[in-house]
Amino acid sequence: MAGGGVVESLAQGAIGPSPLATVTVDDVLDRVEAFVPPWAVDLLQVVLVVVLAYVVARLLVRLLGRRIARRSDRPSLTRMTIRGLKGGVYLIGFFAILRIYGLQLSQIALSVTVFTAVLGVVLAPIVGSFISGIFLLADQPFEIGDMIEIVDTGQRGFVEDITLRYTKIFTLDNTFVVIPNGTIRDRDVVNYSAEDMRTRQTLDIVVTYEGDLAQARRLIEDAARDVDNVITGGPSIRVGAARYPAGPTCYINDFGDHGVRLTLRYWLKEPYKLLAARSNVQTAIWDRLDDADVEIAYPHSHVVFDETSGELPVSMRSGTSPPGDSPAGDTPSADPDRVE
């Protein structure tokens, strides 16, 4: 026993305590800081925070994205919720980076308040767009995938994305239109595919008074039924409290100066090719009426003079009569074909 104690005491005096048992994390950081400047350590911590925030945001989207999409039937709210989750993670990471550089939460709040007060005038339009975006999502005038038309500009296309700041429209001309939410809420927007894809179209045809009016109406309705994408019939379509015939219907609109104005109303199954459907309907009507006792009217005028029309002054230009037709000394007869 005595020999063992002597050996242990000699070992401790000669070798000393084990360095692995006394080294702590603070000692390691102190030794690292001795060789690495402080700004490099802060930069390394910032990089770690950014990478961690990116990984956490991706993980939240992967875990919660499908669940949010299943619970909400609106793609715009789904995208906005996912963006809110990612933005919240990045905001926490931003505050963590500020803490790395010694800024406390109270100091951050004070700095943000002062910064917002200084730039309030500059940020007012952006804040207004955000508020308009909130109302736009709440009012639901249109949704991602809907076909809409901006009335004042005539631009028509599909809603590609709705954010708190702007609305992106993919036009039928294969271009993108980005409209701030504060502007689009002040415009008249036509939504062709909000709840019911069926769209009613109107076409005016003027026929002459000499034709068979009943036959013209019947042929126009039959021509519209032969066009693809036109609803040929079925139950009446309800719009609000009213119900309208589903099949094409031709009405007598008015009796004009050049003919009888007929109005054709027909419903389309889908609103995506309105101009093509209208052209096909007009072509079918032209072919049907061409073989019938009906003529499409066009503007024309007839000038008629009678005893009640007044007088038209005419001067006759004198000419030479053919030899032998007039006796000598007579005044040459006027040429009736020459009128001034």
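Residues numbered from 1 in each chain as written. Predicted model: local features only at pLDDT ≥ 70, side-chain atom pairs only at ≥ 80, totals over all residues. Heavy atoms only, no water.

**A closer look at the side chain of T208**
(1) Moving on: Mapping T208 onto the fold places it in the loop between β6 (199-207) and α9 (213-225).
(2) Moving on: In this structure T208 comes out as buried when scored by relative accessible area, which is 13%.
(3) Moving on: Beyond its immediate chain neighbours, meaning those up to four positions away, T208 contacts E295, I296 and A297. (Helix = DSSP H or I, 4+ residues; strand = E, 2+ residues; numbered from the N terminus. Buried < 20%, exposed > 50% of the residue type's maximum accessible area, 1.4 Å probe, protein only. Contact = heavy atoms within 4.5 Å.)

**Some words on a nonpolar patch on the surface**
(1) Moving on: A surface patch of nonpolar side chains, about 530 Å² in accessible area, is lined by L43, V47, V51, Y54, V55 and Y90.
(2) Moving on: In terms of residue count, the dominant contributor to the nonpolar patch is helix α4 (residues 38-71) (five residues).
(3) Moving on: One can find V51 in helix α4. (Patch = residues over 30% accessible without salt bridge, like charges linked within 9 Å, V, L, I, M, F, W, Y side chains within 5 Å. Areas by Shrake-Rupley, 256 points an atom, 1.4 Å probe, with all protein chains shown as cover. Salt bridge = Lys/Arg side-chain N within 4 Å of Asp/Glu carboxyl O.)

**Observations regarding the confidence of the model for the protein chain**
(1) Moving on: Across the protein chain, the average pLDDT comes to 75, with 66% of residues at or above 70.
(2) Moving on: Within the model, the stretch residues 6-11 combines pLDDT values under 50 with one contact to residues more than four positions away or in other chains.
(3) Moving on: This stretch, residues 331-340, has a pLDDT under 50; its non-local contacts, to residues over four places away or in other chains, come to 18 contacts. (pLDDT = per-residue confidence, 0-100.)

**Observations concerning the sheet that holds strand β2 (residues 155-162)**
(1) Moving on: The sheet built from five strands is open, its strands ordered β4-β3-β2-β1-β5 with antiparallel pairing. Bordering the open sheet on either side are β4 (176-180) and β5 (189-191), each of which pairs with just one other strand. Averaged over neighbouring strand pairs, the angle between their axes works out to 40° when direction is ignored.
(2) Moving on: Here strand β1 (residues 147-150) pairs with β5 via three bridges, running antiparallel. Residue I150 lies in a different strand from β5, and its bridge partner there is V189. (Pairing = 2+ DSSP bridges. Axes fitted to C-alpha atoms, helices over the stretch in contact; angles between N-to-C directions.)

**Let's talk about the pairing of β4**
(1) Moving on: Every second residue of β4 is oriented toward a common face, the buried set being V177 and I179 and the non-buried set F176, V178 and P180.
(2) Moving on: Note that strand β3 (residues 166-171) and β4 share five bridges and pair antiparallel. Each bridged residue has a counterpart across the sheet, and for F170 the counterpart in β4 is F176.
(3) Moving on: From the end of β3 to the start of β4, which pair antiparallel, there are four residues, and N174 there has a positive phi angle of about 65°.

**Some details on α9**
(1) Moving on: In this model α9 runs 19 Å from its N-terminal to its C-terminal C-alpha over 13 residues, within 8% of the 18 Å that 1.5 Å per residue would give.
(2) Moving on: Of the residues making up α9, those classed as buried are Q215, A216, L219, I220, E221, A223 and A224.
(3) Moving on: Of the surrounding secondary structure, the elements contacted by the buried residues of α9 are β6, β9 (249-255), β10 (260-268) and α10 (274-290).
(4) Moving on: Where α9 begins, one side-chain oxygen reaches toward the backbone nitrogen of A214, 3.3 Å away; that side chain belongs to D212. (Expected span 1.5 Å × (residues − 1). Polar contact = N/O pair within 3.5 Å; in protein donor to acceptor, adjacent residues only side chain to side chain.)

**Some points on unusual backbone geometry**
(1) Moving on: Residue N174 is not a glycine yet carries a positive backbone phi of 65°.
(2) Moving on: If you trace the backbone, N174 turns up in the loop between β3 and β4.
(3) Moving on: For N174, a relative accessible area of 59% corresponds to the exposed category.
(4) Moving on: Positive phi outside glycine occurs at N229, with the angle close to 75°.
(5) Moving on: Residue position: N229 is located in the loop between α9 and β7 (237-239).

**Brief notes about the sheet that holds β9**
Sheets are built from strands that pair by backbone hydrogen bonding, the pairs being arranged parallel or antiparallel.
(1) Moving on: Taken in spatial order, the three strands line up as β6-β10-β9 in an open sheet, and their pairing is antiparallel. Only two strands of the sheet have a single partner each, and these edge strands are β6 and β9. Each adjacent strand pair in this sheet contributes to an overall mean axis angle of 25°, direction not counted.
(2) Moving on: Across nine bridges, β6 lies against β10 in antiparallel orientation. Each residue of the ladder has a partner; that of D204, found in β10, is T263.
(3) Moving on: The strands touched by α10 within the sheet are β6 and β10, with β6 carrying the most contacts at an inclination of about 35°.

**Some words on the packing of aromatic side chains**
(1) Moving on: Applying the stated criterion across every chain, the model contains three aromatic pairs.
(2) Moving on: Ring geometry for F158 and Y272: centres 5.5 Å apart, planes at 50°, overall tilted. With a gap of 114 residues between them, F158 in strand β2 and Y272 in the loop between β10 and α10 connect regions that are remote in the sequence.
(3) Moving on: Judged by relative accessible area, which is 25%, F158 ranks as partly exposed.
(4) Moving on: Between K168 and the ring centre of F176, over which it is positioned, the NZ or CZ distance is 5.3 Å.
(5) Moving on: The side chain of R200 reaches across the aromatic face of Y244, ending 4.6 Å from its centre. (Phe/Tyr/Trp six-rings, centres within 6.5 Å; stacked < 30°, edge-to-face > 60°. Lys NZ or Arg CZ within 6 Å of the ring centre and 35° of its normal.)

**Looking at the environment of L289**
(1) Moving on: As for its placement among the helices and strands, L289 is situated in helix α10.
(2) Moving on: Classification of L289 by relative accessible area gives buried; the value is 3%.
(3) Moving on: Distance in space between the C-alpha atoms of L289 and A223 is 9.2 Å, their sequence separation being 66 residues.
(4) Moving on: Aside from chain neighbours lying at most four places away, what touches L289 is A216, L219, I220, V294 and I296.

**Remarks on the pairing of β10**
As a general feature of sheets, a regular strand has side chains that alternate between the two faces.
(1) Moving on: Across the nine residues that make up β10, a large majority, seven, are buried.
(2) Moving on: Relative to β10, β9 is paired through six bridges, and the arrangement is antiparallel. Looking across to β10, one finds that I252 is bridged to L262.
(3) Moving on: A loop of four residues connects β9 with β10, the two strands running antiparallel in sequence.

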